[in-house]
Amino acid sequence: MDLSNANTAKNLEAAFGGESMANRKYLFFAEVTQKLGMKELSKLFKETANQETEHAVAHFRLIHPELVVDDPATLTEEEKKKIAALCLELAIEGETYEYTTMYPEFAEQARADRDTTAEAEFKEQEQESKEHAAIFRKAAQNFGFLTSIEHHHANQYTEALEALDGKEAAAKKTAGKWICRQCSMIYDPVMGDPDSGIAPGTAFEDIPEDWHCPICGAQKKLFVPYEEAIAA
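Novice: Run through the overall build of the protein, naming residues and quoting values.
Specialist: When you go through the protein residue by residue, the secondary structure sums to 5 helices and 3 strands. Secondary structure of the protein in N-to-C order comes out as α-α-α-α-α-β-β-β. Looking at the protein as a whole, 31% of its 232 residues qualify as buried. Considering only residue pairs separated by 6 or more positions, the protein has 57% of its internal contacts joining residues 24 or more positions apart. Put simply, the protein shows about 14400 Å² of open surface, and 55% of that area lies on carbon and sulfur atoms.

Shown next as structure tokens:
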């Protein structure tokens, strides 16, 4: 399918999100009606939830045809690794967005609305997303994906994975940014690390020596200057 049309791509993303949300919602309804003793209604919700999952997966296949595996036997080990690495990359990208942007913004809005319950929920999910991102980064390292990942969603998180892969590439030093050799977390002085008391705008060199990586707990000395891959 041609996804060069921005509207079609946007609609597929929206459809995937809608079907995915319906799946979780119906599973919740199934749990509620099960507790109410309405077994047949609960069964109906569960069956419909499964159908919504199938719809969501079908949409996602169209969004990411490069991840569709028809016959694993026809793939080389290198191709299998690229597909698995891309799955990890997309997972890292999603979780990182959640804990760096989405949940902090939601928590801030909830605080402004004086909704302490929602604020606490968003903060809890922010921390879980951070932990998930760290787990996925560690998995990328542990599974030894040594091939670089090239696709149209490439960004700084891809570059972190490529650093783990040891990819040879022309590079430039990104002023001020440092990367953790243990989990590939990138310290950006523009963002700082407010949760650890490091204010935005703080240069890495000015961070106290007892500071630790907020993702994996690595010591400051395990960070190295971050190099961003660029076109040769």
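Novice: Tell me about the layout of surface pockets, residues and numbers included.
Specialist: For the second largest pocket, the calculated volume is near 490 Å³. Around the second largest pocket, the lining is made up of 15 residues, and of these Phe 16, Phe 60, Leu 90, Ala 91 and Gly 94 lie nearest the centre. Breaking the lining of the second largest pocket down by element, the ones donating at least two residues are helix H1 (6-35), helix H2 (39-63) and helix H3 (77-112). Partitioned by chemical class, the residues of the lining of the second largest pocket number 8 nonpolar, 3 polar and 4 charged.

Novice: Let's hear about helix H4 (residues 116-142): which residues, and what values?
Specialist: Here H4 spans 39 Å end to end across 27 residues, near enough to the 39 Å set by a 1.5 Å rise per residue. Buried within H4 we find Glu 119, Glu 126, Ser 129, Lys 130, Ala 133, Ala 134, Arg 137, Ala 139 and Ala 140.

Novice: Pulling in residues and values, what's your account of the side chain of Glu 126?
Specialist: Within the secondary structure layout, Glu 126 lies in helix H4. No salt bridge is formed by the buried Glu 126; its nearest oppositely charged neighbour, Lys 123, is found at 5.2 Å. Once you skip the residues sitting within four places of it in the chain, Glu 126 turns out to touch Tyr 99, Tyr 103, Pro 104 and Asp 195.

Novice: Break down the packing of H3 against H4 for me, citing the residues and quoting the values.
Specialist: How two helices sit against one another is set out by the angle between their axes and by the gap between those axes. As a packed pair, H3 and H4 sit with axes 8 Å apart at the nearest point and diverge in direction by 165°. Comparing the axis directions of H3 and H4 gives the class roughly antiparallel. H4 is crossed by H3, and the crossing has left-handed handedness.

Novice: Give me the nonpolar core: which residues, what numbers.
Specialist: Counting 15 residues, the largest nonpolar core has Tyr 187, Phe 204, Trp 211, Cys 213 and Phe 223 as its most contacted members. Of all the secondary-structure elements, those providing two or more residues to this core are H4 and strand E1 (171-180). With residues near it in sequence (within four places) discarded, Phe 223 still touches Trp 178, Ile 179, Cys 180, Met 185, Tyr 187, Phe 204, Trp 211 and Cys 213.

Novice: Report on the environment of Leu 62, specifying residues and quantitative values.
Specialist: The topology assignment puts Leu 62 in helix H2. For Leu 62, a relative accessible area of 32% translates into the label partly exposed. Along the sequence, Leu 62 and Leu 12 sit 50 residues apart, while their C-alpha atoms lie 7.8 Å from each other.

Novice: Run through the packing of aromatic side chains, naming residues and quoting values.
Specialist: A full pass over the atoms with the stated rule returns 14 aromatic pairs. When the ring of Phe 29 is compared with that of Phe 45, the centres are 5.3 Å apart and the planes differ by 65°; the resulting orientation is edge-to-face. Note that Phe 29 is positioned in helix H1 and Phe 45 in helix H2, a separation of 16 residues in sequence. The exposure class assigned to Phe 29 is partly exposed, which follows from its relative accessible area of 30%. Centre to centre, the rings of Phe 204 and Trp 211 are 6.1 Å apart; their planes meet at 90°, and the pair counts as edge-to-face. Pair check on accessibility: Phe 204 and Trp 211 agree, each one buried. Here a set of aromatic residues connected by ring pairs shows up, and it is made of Trp 178, Tyr 187, Phe 204, Trp 211 and Phe 223. Taking the ring centre of Phe 204 as reference, the NZ or CZ of Lys 220 above it sits at 5.2 Å.

Novice: Hey, could you go over the environment of Val 68 for me, with residue numbers and the actual values?
Specialist: Mapped onto the elements, Val 68 comes out in the loop between H2 and H3. Val 68 sits in the partly exposed class, given a relative accessible area of 33%. Along the chain, Val 68 and Ile 83 lie 15 residues apart, while their C-alpha atoms are 8.8 Å from each other.

Novice: I'd like a description of a negative patch on the surface, backed by residues and values.
Specialist: A contiguous patch of negative charge on the surface is contributed by Glu 121, Glu 124, Glu 128 and Glu 131. Along the chain, the position of Glu 128 falls in helix H4.

Analysis parameters
Residues numbered from 1 in each chain as written. Predicted model: local features only at pLDDT ≥ 70, side-chain atom pairs only at ≥ 80, totals over all residues. Heavy atoms only, no water. Helix = DSSP H or I, 4+ residues; strand = E, 2+ residues; numbered from the N terminus. Buried < 20%, exposed > 50% of the residue type's maximum accessible area, 1.4 Å probe, protein only. Contact = heavy atoms within 4.5 Å. Areas by Shrake-Rupley, 256 points an atom, 1.4 Å probe, with all protein chains shown as cover. 1 Å grid on protein atoms, 1.4 Å probe; cavity = no way out; pocket = protein on both sides within 12 Å on 5 of 7 lines; lining within 4 Å. Points joined across faces, edges and corners; volume = space filled by probe spheres on them. Nonpolar A, V, L, I, M, F, W, Y, C, P; charged D, E, K, R; others polar. Expected span 1.5 Å × (residues − 1). Lys, Arg positive; Asp, Glu negative; His and termini not counted. Salt bridge = Lys/Arg side-chain N within 4 Å of Asp/Glu carboxyl O. Axes fitted to C-alpha atoms, helices over the stretch in contact; angles between N-to-C directions. Parallel < 35°, antiparallel > 145°, perpendicular 65-115°, else oblique. Left-handed = near helix turned anticlockwise from the far one by under 90°. Core = buried A, V, L, I, M, F, W, Y, C linked by side-chain atoms within 4.5 Å. Phe/Tyr/Trp six-rings, centres within 6.5 Å; stacked < 30°, edge-to-face > 60°. Lys NZ or Arg CZ within 6 Å of the ring centre and 35° of its normal. Patch = residues over 30% accessible without salt bridge, like charges linked within 9 Å, V, L, I, M, F, W, Y side chains within 5 Å. Charge placed at Lys NZ, Arg CZ, Asp CG, Glu CD.

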